[in-house]
Amino acid sequence: MNSTLQTIFGLLGGLALFIYGMNMMSEGLQKAAGERMKMILGFLTKNPVLGVLAGALVTAVLQSSSATTVMVIGFVSAGLMTLPQAISVILGANIGTTMTAQIIAFEINDYIWPIVFIGFVIFFFSKKEKVKSVGQTIFAFGLLFVGIITMGDVMKPLAASPIFTDMIAKVSEIPVLGVLLGTVMTLVVQSSSATIAVLQNFAIQPGADGVTSVIGLAGAIPILLGDNIGTTITALLASVGQSRNAKRTAVAHSVFNISGSLVFICIIPWFAKFVQWISPKGNEVDVISRQIANAHTTFNIANTLIWLPLIWLMVKIVMWIIPGKDDNEARENEPMFIDSTIVNQPVFALHLIRKEVIHVAQNVRTVLLDSKNAFINRDENALKQAEHMAEMIDSVQKKAVKHMSGLMADGVLTEDQARQTASYMYVLGESERMAQNGLYIARASRSKQEKGFRFSKDAVKEIQVTMESISEMLDNCINTLQTGNIENAGNVILQKQDILSLEVRLLKNHMDRLKKGKCSPDFTVEFTAVLHSLERMGNNCMSIAEVLTEDLDLSHDIQDIKELVNGNGQPASVAV
């Protein structure tokens, strides 16, 4: 293999190791800090300064401003975050992404192989998942630097090539060419951290005198600015097919980086001097990697400080670029919150899944209300509404389960997250079955009219009161999903005995009415089928409540509830 091919494949191989190591480190960090990541979500709805902090912290874990921006776009599209909130998080994401360049600038090449070995031992031999995730992070961190070393080694011959140095000289003399080069590089690699790592590795190659960089800081800065512009393309692509506000969020990311680059390209000489002043002193070839990292950090911090008080202006700009009124209503038969673009960020993906489960359960509540009206008042419009909503629930449930199955198949979930995902699948399945059972009762109203049946007032009243009680049980399940309050789910479980005897008690009442001549024997088959549906809905609620309490890891509370039901305690009653 000739030297040119060796250089090309060495550069590509080193870049592949770097990107793989960075992604693997991100996955390990997410698994190790999963619960703490949930706390960061609380910052996202606070003031802009906290939004910037949250964006920086999330990006430091995800190791990618593009990943954070894509996640934010999903939140905006789902209506969980406003446009100003999203913009503040994106400002912080641009600061957080500079951490990778700062890490790369450390001279730790002599320690890389011990780091790789230690990370490997912890990752492959540890049994505890948390410890294993820490090992994965350490191993990936070392692998990331192996890629950097590989790229640095194959770039050394380039520094001595007259053709290549002439090309770099032209880029250094014409900053716009550097910006274009950086933009194209990031478009191809889809990672500004990777292209900046390449830039840092090339910059540390010495020129003819052996002490100055082959490109110099002034020549590296335009490429650095281009890298920041190129990274916005990922977010723009992720916003395709999303809501207007989601598109505006992606455009805001582009406006932020493009506007900053236009300003800084005009002040490169002064900017370079400032970076040299705040950076370590020494031969340029020895300190330029840190200078590039500091230039990257300074650019994003300065740009953030400029735009932070002007978020209102950014909102106006993006709304002018993408005009029109935005709505966050779900597309027909499509999930409202689930977003497949953030499947690689499990903490945030599960947050959206929980929102989707709550939304489905609320729609089931609507089906029960319409079904009750259809049965009691023989309301044809209520029946049609119940049928339409039940169809939507069925479609969303299937797509949500498919999404969660993909999430589990990707292997990015911890054991706790996988268990939680399985619980959400189960709750969705029970919710969908509950909607179908409610729909059966609604259709019973049409059936009894077609057959000339007319239930007695007492029978209708029993069914009405029972459906209201079941709706109350469902409300308790929804409240548990929203707040994590064990007491609400416990109230549902306490009704277990009543649910199990529900069908028998109502059927006995029907038989008493038959003896007294208040009901016709012809109604028995229809009435029994309705009772079956009511009992199944009660069991659906009870199953959901039990899964939610287990998912919240409140086994002691569950045991207390079971002892209360089976012991001397008096369980709450279901009115019938």
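Preceding this section is the structure that the text describes.
As the structure is a computational prediction, the values presented were derived from the model and not from experiment. (Residues numbered from 1 in each chain as written. Predicted model: local features only at pLDDT ≥ 70, side-chain atom pairs only at ≥ 80, totals over all residues. Heavy atoms only, no water.)

Caption draft 1: Looking closely at the overall build of the protein. Each helix and strand in the protein was counted, giving 26 helices and 0 strands. Taking all 576 residues of the protein together, 54% fall into the buried category. A separation threshold of at least 6 residues defines the contact pool for the protein, and within that pool the share at least 24 residues apart is 80%. Carbon and sulfur atoms make up 61% of the accessible area of the protein, which amounts to about 25500 Å² in all. (Helix = DSSP H or I, 4+ residues; strand = E, 2+ residues; numbered from the N terminus. Buried < 20%, exposed > 50% of the residue type's maximum accessible area, 1.4 Å probe, protein only. Contact = heavy atoms within 4.5 Å. Areas by Shrake-Rupley, 256 points an atom, 1.4 Å probe, with all protein chains shown as cover.)

Caption draft 2: Examining helix α10 (residues 175-189) more closely. Here α10 contains 15 residues, and its C-alpha end-to-end distance of 21 Å stays within 8% of the 21 Å for a straight helix at 1.5 Å per residue. Taken residue by residue, α10 has G178, V179, G182, T183 and T186 as its buried positions. Angularly, the buried residues of α10 cover 135° about the axis, an arc narrow enough to put them on a single face. A positive backbone phi angle near 65° is found at Q190, which sits one or two residues after α10. (Expected span 1.5 Å × (residues − 1). Arc of directions from axis to C-beta.)

Caption draft 3: Expanded view of the nonpolar core. By size, the foremost hydrophobic cluster in this structure holds 51 residues, and its most contacted members are I353, M434, L534 and C541. Among the secondary structure elements, those contributing two or more residues to this core are α18 (346-377), α19 (380-409), α20 (415-450), α21 (457-483), α22 (486-494) and α25 (524-551). If one sorts the elements of this core by residue count, α18 sits on top with 11 residues. With sequence-adjacent residues up to four places away left out, C541 is seen in contact with M434, I470, M473, L474, C477 and V492. If you look at the next biggest cluster of nonpolar residues, it comprises 27 residues, including V214, L225, I288 and I292. (Core = buried A, V, L, I, M, F, W, Y, C linked by side-chain atoms within 4.5 Å.)

Caption draft 4: Region of the structure containing the packing of aromatic side chains. In the structure shown here, the tally under the stated rule is 10 aromatic pairs. Between F120 and F124 the ring centres are 4.5 Å apart and the planes differ by 40°, which places this aromatic pair in the tilted class. Of this pair, F120 and F124 both sit in helix α7 (residues 112-125), separated by 4 residues, roughly a single helical turn. Judged by relative accessible area, F120 falls into the partly exposed class, the value being 33%. On the basis of an interplanar angle of 75° and a centroid distance of 4.8 Å, the ring pair of F264 and F271 is categorised as edge-to-face. (Phe/Tyr/Trp six-rings, centres within 6.5 Å; stacked < 30°, edge-to-face > 60°.)

Caption draft 5: Focus on the pattern of salt bridges. Counted under the stated rule, the structure contains 7 salt bridges. Residue E334 is joined to K399 by a salt bridge in which the shortest nitrogen-to-oxygen separation is 2.6 Å. Here K399 lies in helix α19 and E334 lies in the loop between α17 (311-321) and α18, a separation of 65 residues in the sequence. Judged by relative accessible area, E334 falls into the partly exposed class, the value being 26%. (Salt bridge = Lys/Arg side-chain N within 4 Å of Asp/Glu carboxyl O.)

Caption draft 6: Main features of the state of the cysteines. This structure, assessed with the given rule, holds 0 disulfides. Here C477 is not disulfide-linked; the sulfur of C541 is the nearest cysteine sulfur, at 5.0 Å. (Disulfide = S-S within 2.5 Å.)

Caption draft 7: Structural view of the side chain of S88. On the secondary structure map, S88 appears in helix α5 (residues 83-96). In this structure S88 touches P48, G51, V52 and I311, once residues within four positions along its chain are discounted.

Caption draft 8: Representation of the packing of α5 against α17. The interhelical angle for the contact between α5 and α17, taken along N-to-C directions, is 110°, at an axis separation of 10 Å. The angle between the axes of α5 and α17 places the two elements in the roughly perpendicular class. Remark: the crossing between α5 and α17 carries right-handed chirality. Facing L83, P84, I87, S88 and L91 of α5, the residues of α17 in contact are I311, M314, V315, V318 and M319. Considered class by class, the residues forming the contact of α5 with α17 number 9 nonpolar, 1 polar and no charged. (Axes fitted to C-alpha atoms, helices over the stretch in contact; angles between N-to-C directions. Parallel < 35°, antiparallel > 145°, perpendicular 65-115°, else oblique. Left-handed = near helix turned anticlockwise from the far one by under 90°. Nonpolar A, V, L, I, M, F, W, Y, C, P; charged D, E, K, R; others polar.)

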